[in-house]
Every structure is written in structure tokens, then in C-alpha cells.
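Here's the letter readout for the chains.
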Amino acid sequence: MFKKDLQAAPKQKLKSSVQRSLRQSLLATYPLLGPHMDEVLPKKASLSSIKLPDRNTLYVLDAATPVFYQQDSGDILPHLRLVHRFPRAFPSVRIDRGAIRFVLSGATLMAPGLTSPGGRLPPDGCPDGLAEGAETDQRLGDDGRWSRELRKGEPVVIMAEGKEEACAVGILVAGTAEVKAKGKGPVVEEAHYLGDGLWNLALD
């Protein structure tokens, strides 16, 4: 999605009512961000939006810190710089070493990169979704596996075998249970990845 270099459009400061709405959307989508929300979006900080190509909007804190982005009125996705600050707050999967170079060139993430020995998907037998009120019960295990199955259409962070920091973020085009069952096909398309235009966008 952001394979080409981006030029920053003028920033537009957001009203406090819009900031409150975005804060609520973030908490609804990423409940594990709750304890960190005052760091993610400090109440006295200034939040601005920047229009990007393909109907994307980037949200920036205090004019220089990218926080998250959104295409049209779709899901709010964390910028990788935010993921690197709070890596355990976002549902994740892990690719094997062989898939890293493909993901970092903007290719679609395919199932074999996750089902091979170096990949990590949620463990067999884990819950498919969470009961209402149990949103903060999900977590990343010590083995690198998320504690519940992730569903098609959910935002997901892509970790990489042997690496500490996430390498990409995107939307699942297949649920993790389906990926395990089929073992083939696309899993995440149009991801934001390390070194892409969004990562390299100069904001100052």
C-alpha cells in the first residue's frame, strides 16, 4: 500500500471531540492499549491528521510522532513506531526467516511463512474470539503465540523469527484457524512494513 515514497500533505489539527472519538475507537479495537492510553494519546497533546494517497489518513501527535493510520472509515491501524513502543498490546502472528524479505518488499504474506517451524500462529484449541468483557484476557505467550484465534478482517501485527521488533502491520484476509487448516493462500495483503513510504515519511 505504501511501497512508494510519500510526500507529507499539510497537517490538520483535530478538534477535541474528534480526538475523544478516535481514543474510544482505539480502545475498542486494541483493549490492551488501555493501560498505556495516556502515553499513546496524552490528553494535553495536539493530534493532527495528514491526508495520504489511496484515501488513507495518518494521525500524528504533536506534529512529529506518527501514531496510527486509517483507510477511508476502516479499522484504525497502528503505525509501526507505535507497535515498537507497545509490542504486546496488539494481536500478532510470527513469520519464519524465509518470509521476512518478501514481507519487507511489500509482498502479500502467504500461509507457509506462518505454518513452517519458524512461524507462530495461535495454539490449537485456543478460544475463537473472546466473551464480552474478557477483551483484556488475550495476550502474547512466551512462545510467541497469541492466546486466541484471530478472525478474517482483524488488524494484526507481524513479528519475525529471530527479530525483536515487529516488521509489518495489516488486516487479515484469512482467519488464523483457516490458515492452520489450509496451510496455503494469502493471509495479509497491503501491509505497512519497515522501510516503506509510511515508515520513511518525513514529518518535520
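Just so it is clear, the structure is predicted and the values come from calculations on it, not from any experiment.

The strand order across the open sheet formed by 5 strands is β1-β2-β3-β4-β5, and the pairing between neighbours is antiparallel. In the strand order of this sheet, the two ends are held by β1 (12–13) and β5 (76–78), each with one partner. Sheet analysis places β1 next to strand β2 (residues 47–52), joined by 2 bridges and oriented antiparallel. Looking at the pairing, Q12 lines up with S49 of β2. Docked against the sheet, helix α1 (residues 16–29) engages β2, β3 (56–61), β4 (65–71) and β5, running at close to 75° with respect to β5.

Before going further, it helps to spend a moment on unusual backbone geometry. Even without being a glycine, D54 presents a positive backbone phi close to 60°. Within the secondary structure, D54 is located in the loop between β2 and β3. Judged by relative accessible area, D54 falls into the partly exposed class, the value being 49%. A positive phi is found at E190, a non-glycine position, where the angle reads about 55°.

In this section: the nonpolar core. A general feature of soluble globular proteins is that nonpolar side chains tend to end up buried together. Of all hydrophobic cores here, the largest spans 62 residues; its most connected members are V40, L41, L58, F90 and I95. Take this core: its biggest share by element is 5 residues, from strand β8 (residues 155–160). Per-domain counts for this core show at least three residues from each of domain 1 (10–85) and domain 2 (92–193). When sequence neighbours within four positions are dropped, the list of residues in contact with F90 reads Y30, L33, P78, L82, V83, W146 and V157.

This part covers the pairing of β2. With 5 of its 6 residues buried, β2 lies for the most part within the structure. Bridge count between β2 and β3: 6 bridges; the pairing is antiparallel. Its bridge partner being in β3, S48 is matched across the sheet by V60. Between the end of β2 and the start of β3, which pair antiparallel, lie 3 residues, with D54 showing a positive phi angle near 60°.

This part takes up the side chain of D96. Structurally, D96 can be placed in the loop between β6 (92–95) and α4 (97–103). At 3.0 Å, the side chain of D96 forms a polar contact with the backbone nitrogen of A99. Residues in contact with D96, not counting those within four places in the same chain, are P112, G113, S116, G118, G119 and E161.

Bringing the domain arrangement of the protein into the picture now. Domain parsing of the protein yields domain 1 (10–85) and domain 2 (92–193). Taken together, the contact between domain 1 and domain 2 spans 12 residues of the former and 16 residues of the latter. Surface buried jointly by domain 1 and domain 2 totals about 1100 Å² across both partners, of which 74% is contributed by carbon and sulfur atoms. Broken down residue by residue, the surface that domain 1 buries against domain 2 is led by L32, L80 and H84, which jointly contribute 44%. For the interface between domain 1 and domain 2, the tally reads 0 salt bridges. In this assembly, domain 1 and domain 2 are joined by 2 residue pairs in polar contact (both at pLDDT 80 or more). Only β5 and α3 (80–85) provide two or more residues apiece to the side of domain 1 that touches domain 2. Broken down by element, the residue count for the side of domain 1 that touches domain 2 peaks at 3 residues, all from α3. The residue makeup of the side of domain 1 that touches domain 2, split by class, is 8 nonpolar, 3 polar and 1 charged.

So, about the sheet that holds strand β10 (residues 186–193). Taken in spatial order, the 5 strands line up as β6-β8-β9-β10-β7 in an open sheet, and their pairing is mixed. On the outer flanks of this sheet lie β6 and β7 (109–110), each paired with one strand and no other. Bridging between β6 and β8 involves 4 bridges; their strand directions are parallel. What sits directly across from R94, in β8, is M159.

Procedures and definitions
- Residues numbered from 1 in each chain as written.
- Predicted model: local features only at pLDDT ≥ 70, side-chain atom pairs only at ≥ 80, totals over all residues.
- Heavy atoms only, no water.
- Pairing = 2+ DSSP bridges.
- Helix = DSSP H or I, 4+ residues; strand = E, 2+ residues; numbered from the N terminus.
- Contact = heavy atoms within 4.5 Å.
- Axes fitted to C-alpha atoms, helices over the stretch in contact; angles between N-to-C directions.
- Buried < 20%, exposed > 50% of the residue type's maximum accessible area, 1.4 Å probe, protein only.
- Core = buried A, V, L, I, M, F, W, Y, C linked by side-chain atoms within 4.5 Å.
- Domains from an automatic or database assignment.
- Polar contact = N/O pair within 3.5 Å; in protein donor to acceptor, adjacent residues only side chain to side chain.
- Buried area = accessible area lost by both parts, 1.4 Å probe.
- Salt bridge = Lys/Arg side-chain N within 4 Å of Asp/Glu carboxyl O.
- Nonpolar A, V, L, I, M, F, W, Y, C, P; charged D, E, K, R; others polar.

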